[in-house]
Amino acid sequence: MNNDSFGQRAYEHARWLLENIGARGSTTPQEKAAADYVKEQLIALGLAPQVEPFCSPTSAWRPFAVITGLSLLGKWLFIRGGSRSRLAGLGANLLASFWAIREIDLEDTPLRWLLPNGPSRNVWARIPPAYGTARKRVVLLGHLDTHRSPWIFQTEARTRWFHRIVQAGFASLGLSLVLMVVGLIYRRLPKWLWIPPILAELASLALDLDADRSPYSPGANDNASAVGSVLALAEHLAAHPLPETEVWVLFTGCEEVGCYGMRAFLAQHETELKALPTYFFDFEMTGVGDLAYVVDEGLLIRHTYSPVLRRLAEEVSREAPGLQARPQHAGAYGESLVIHKAGYHTITVNSLLPGNKAAYWHQMADTIDKLDPQALDRGCRFVLEMAKRV
Ligand SMILES: [Zn+2]
């Protein structure tokens with residue numbers, strides 16, 4: 001395939017997904033239809049795709065609604081007074097804080113099993129090296145599902161408020177614990193001290209409850225852009241495999257509810273993945289704006305990704321014409337977070353509007369007319385160049 005057509009091929013796949021399936025909510029039949037589509041495309045390339053089912057929570061927001069409810073209940077018990085009630089309140093707030101930190105950092109909590117789950121699946125295929133035995137492995141990936149479109153994400157100004165409310169929610173959990181310890185020691189606390197944390201947590205709760213009622217975003221940029229790009233690169237690499245490098249193309253389910261597809265994939269393939277130096281390239285929203293790559297990420301705890309791949313991104317950005325990419329310090333999470341925590345090299349490639357804004361993130365306006373084949377093309381060529389040099 002001519003390199004110039006990566007963007008056009010990626011765009012055609014994305015358009016097919018949007019026009020024939022539409023929004024692809026995590027664990028919905030539409031997410032399955034997208035998995036069926038990529039499987040058919042991989043078979044048509046002569047590859048042998050594997051479909052690996054797993055079970056996933058159906059909402060990214062519900063665990064936080066439960067955690068916030070538990071924390072508010074704890075405050076109510078504490079304010080009511082009585083030594084048993086106060087200790088129960090402290091216990092509830094400690095548990096809420098512990099679960100909140102684990103959930104936001106994509107670690108398991110019992111909430112995963114207590115809240116509704118649904119069926120999902122990963123689809124992947126192996127492209128053997130052009131010659132010789134594989135000395136390293138490259139995994140090209142993109143998620144199949146689309147997020148909901150909460151009210152808070154529908155404008156840029158509101159999205160800034162989303163980050164503030166999340167931070168205020170966590171600050172309030174910490175402040176509540178401090179107030180409770182002080183209250184246990186000194187017995188009396190002015191009641192008005194509880195107003196700021198309670199207001200912050202009510203705002204978080206409103207955000208969680210609204211999000212779960214909102215419709216699924218069409219997800220052209222997030223993340224049909226990635227699915228199309230990985231398929232376009234699979235087409236190229238099936239015909240022109242890399243020397244001594246095995247390539248896996250991977251399409252995950254349920255990224256949007258906490259990267260459960262990637263968690264399942266890493267657990268299932270750990271032995272094989274650890275047997276060869278492996279480098280993950282995660283496509284996320286590469287369809288609108290300038291090329292970028294994520295160097296660190298996390299809503300609460302920041303994780304710095306592979307310095308090896310960061311240096312490679314800088315090198316390709318410097319040397320390859322038309323592929324100038326800028327580093328990004330991302331404010332949320334993506335699949336690179338769980339890949340990194342499992343001990344692998346990973347980099348997320350995306351595209352950004354001026355001011356480092358992710359275009360149409362979780363918006364109903366994330367429609368196919370917004371995708372730019374040239375942006376898609378840059379993402380594909382950037383990753384292909386890194387995959388060749390790694
Ligand atoms: Zn995404």
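Colleague: How should I be thinking about the overall build of the chain in this particular structure?
Modeller: A count of helices and strands for the chain gives 13 helices and 9 strands. Taking 21 Å as the expected radius of gyration for a compact globule of 390 residues, we find that the chain reaches 22 Å, a close match to that expectation. Considered along the principal axes of its C-alpha atoms, the chain spans approximately 75 × 45 × 40 Å. With 390 residues in all, the chain has 58% of them scored as buried. For the chain, the proportion of contacts with a sequence separation of at least 24, taken over those separated by at least 6, is 87%.

Colleague: Would you take a moment to explain the nonpolar core for this structure?
Modeller: Leu-140, Val-249, Phe-251 and Phe-382 are the most contacted members of the largest nonpolar core, which totals 60 residues. Ranked by residue count, the leading element in this core is helix 8 (residues 220-239), at 10 residues. The contact partners of Leu-140, leaving out residues within four places of it in the chain, are Val-230, Leu-233, Leu-237, Val-247, Trp-248, Val-249, Leu-250, Phe-281 and Val-383.

Colleague: Mind showing me how you'd approach a nonpolar patch on the surface here?
Modeller: Judged by side-chain polarity, Trp-192, Ile-195, Leu-199 and Leu-202 come together as a nonpolar surface patch covering roughly 450 Å² of accessible area. With respect to the helices and strands, Leu-202 occurs in helix 7 (residues 195-213).

Colleague: I tried to follow empty space enclosed by the protein on my own but got confused; where do I start?
Modeller: It is the rolling of a water-molecule-sized probe over the atoms that shows where space remains empty. Under the counting rule described, the total for this entry stands at 1 cavity of 30 Å³ or more. Around the largest cavity sit Ser-26, Thr-58, Ser-59, Ala-60, Trp-61, Thr-146, His-147, Arg-148, Asp-212, Tyr-216, Glu-256 and Val-257, which together line it. Of the residues belonging to the lining of the largest cavity, the class tally is 4 nonpolar, 5 polar and 3 charged.

Colleague: Is there a simple way to explain the coordination of the zinc ion in this structure?
Modeller: Six octahedral donors around a metal ideally subtend angles of 90 or 180 degrees, whereas four tetrahedral donors ideally subtend 109.5 degrees. Coordination of the zinc ion by the protein is provided by His-143 (NE2), Asp-222 (OD), Glu-284 (OE) and Glu-284 (OE), with metal-donor distances spanning 2.1 to 2.6 Å. Taken together, the 4 donor atoms coordinating the zinc ion and their angles of 52 to 147° define a geometry best described as irregular. The sequence motif formed by the donor residues of the zinc ion is H-x78-D-x61-E. Within this pair, whereas His-143 is found in strand 3 (residues 136-143), its partner Asp-222 is found in helix 8, the two being separated by 79 residues in sequence. His-143 gets classed as buried once you look at its relative accessible area, which sits at 0%.

Colleague: Just checking my understanding: could you explain the domain arrangement of the chain for this structure?
Modeller: Many analyses report the size of an interface as the accessible area lost when the parts associate. Split by domain assignment, the chain resolves into domain 1 (3-58 + 118-149 + 215-389) and domain 2 (62-112 + 153-213). Once you take the C-alpha centre of each, domain 1 and domain 2 turn out to be 34 Å apart. Tallying the contact residues gives 25 residues for domain 1 and 21 residues for domain 2. Summing both partners gives a buried area of about 2,000 Å² for domain 1 against domain 2, and 55% of it is carried by carbon and sulfur. Inspection of the domain 1/domain 2 interface yields 4 salt bridges. The closest approach of N and O atoms between Asp-108 and Arg-263, which form a salt bridge, is 2.9 Å. The set of elements that each furnish at least two residues to the side of domain 1 that touches domain 2 consists of strand 1 (50-57), helix 9 (260-268) and helix 12 (335-341). Here the side of domain 1 that touches domain 2 is composed, by residue class, of 13 nonpolar, 8 polar and 4 charged.

Colleague: Whenever I open this one, unusual backbone geometry confuses me. Can you help?
Modeller: With the exception of glycine, most residues fall at negative phi, and the peptide bonds are largely trans. A cis amide bond, omega 20°, links Asp-222 with the succeeding residue Asn-223. Considering the arrangement of structural elements, one finds Asn-223 in helix 8. In this structure, Thr-27 takes a positive phi of about 70° despite not being glycine. With respect to the helices and strands, Thr-27 occurs in the loop between helix 1 (6-20) and helix 2 (29-44). Since its relative accessible area comes to 15%, Thr-27 is described here as buried. Look at His-362: it is not a glycine, yet its phi comes out positive at around 60°. Looking at the element boundaries, His-362 is found in the loop between strand 9 (345-352) and helix 13 (373-389). Relative accessible area serves as the criterion here: at 6%, His-362 is assigned to the buried category.

Colleague: How should the packing of aromatic side chains be read in this particular structure?
Modeller: Two measures describe an aromatic ring pair: the distance that separates the ring centres and the angle between the ring planes. Throughout the structure, instances matching the rule amount to 12 aromatic pairs. With a centroid separation of 5.9 Å and 80° between ring planes, the pair formed by Trp-124 and Phe-265 is classed as edge-to-face. Placement of Trp-124 in strand 2 (residues 117-127) and of Phe-265 in helix 9 is noted, with a sequence separation of 141 residues between them. When its relative accessible area of 4% is taken as the criterion, Trp-124 is described as buried. A ring pair is formed by Phe-153 and Phe-162, whose centres lie 4.7 Å apart and whose planes are at 45°; its orientation type is tilted. Take Phe-162: its relative accessible area is 6%, and that puts it in the buried class. Grouped by ring-pair contacts, the aromatic residues Trp-61, Phe-153, Phe-162 and Trp-361 constitute a single cluster. Here the basic side chain of Arg-148 rests over the ring of Tyr-216, its NZ or CZ set 4.2 Å away from the ring centre.

Scoring rules and cut-offs
- Residues numbered from 1 in each chain as written.
- Predicted model: local features only at pLDDT ≥ 70, side-chain atom pairs only at ≥ 80, totals over all residues.
- Heavy atoms only, no water.
- Helix = DSSP H or I, 4+ residues; strand = E, 2+ residues; numbered from the N terminus.
- Rg over C-alpha atoms; globule rule 2.2 N^0.38 Å.
- Buried < 20%, exposed > 50% of the residue type's maximum accessible area, 1.4 Å probe, protein only.
- Contact = heavy atoms within 4.5 Å.
- Core = buried A, V, L, I, M, F, W, Y, C linked by side-chain atoms within 4.5 Å.
- Patch = residues over 30% accessible without salt bridge, like charges linked within 9 Å, V, L, I, M, F, W, Y side chains within 5 Å.
- Areas by Shrake-Rupley, 256 points an atom, 1.4 Å probe, with all protein chains shown as cover.
- Salt bridge = Lys/Arg side-chain N within 4 Å of Asp/Glu carboxyl O.
- 1 Å grid on protein atoms, 1.4 Å probe; cavity = no way out; pocket = protein on both sides within 12 Å on 5 of 7 lines; lining within 4 Å.
- Points joined across faces, edges and corners; volume = space filled by probe spheres on them.
- Nonpolar A, V, L, I, M, F, W, Y, C, P; charged D, E, K, R; others polar.
- Donors = N, O, S within 2.8 Å, 3.2 Å for Na, K, Ca; no water.
- Tetrahedral: all angles 85-135°; square planar, octahedral: opposite > 155°, others 65-115°.
- Domains from an automatic or database assignment.
- Buried area = accessible area lost by both parts, 1.4 Å probe.
- Phe/Tyr/Trp six-rings, centres within 6.5 Å; stacked < 30°, edge-to-face > 60°.
- Lys NZ or Arg CZ within 6 Å of the ring centre and 35° of its normal.

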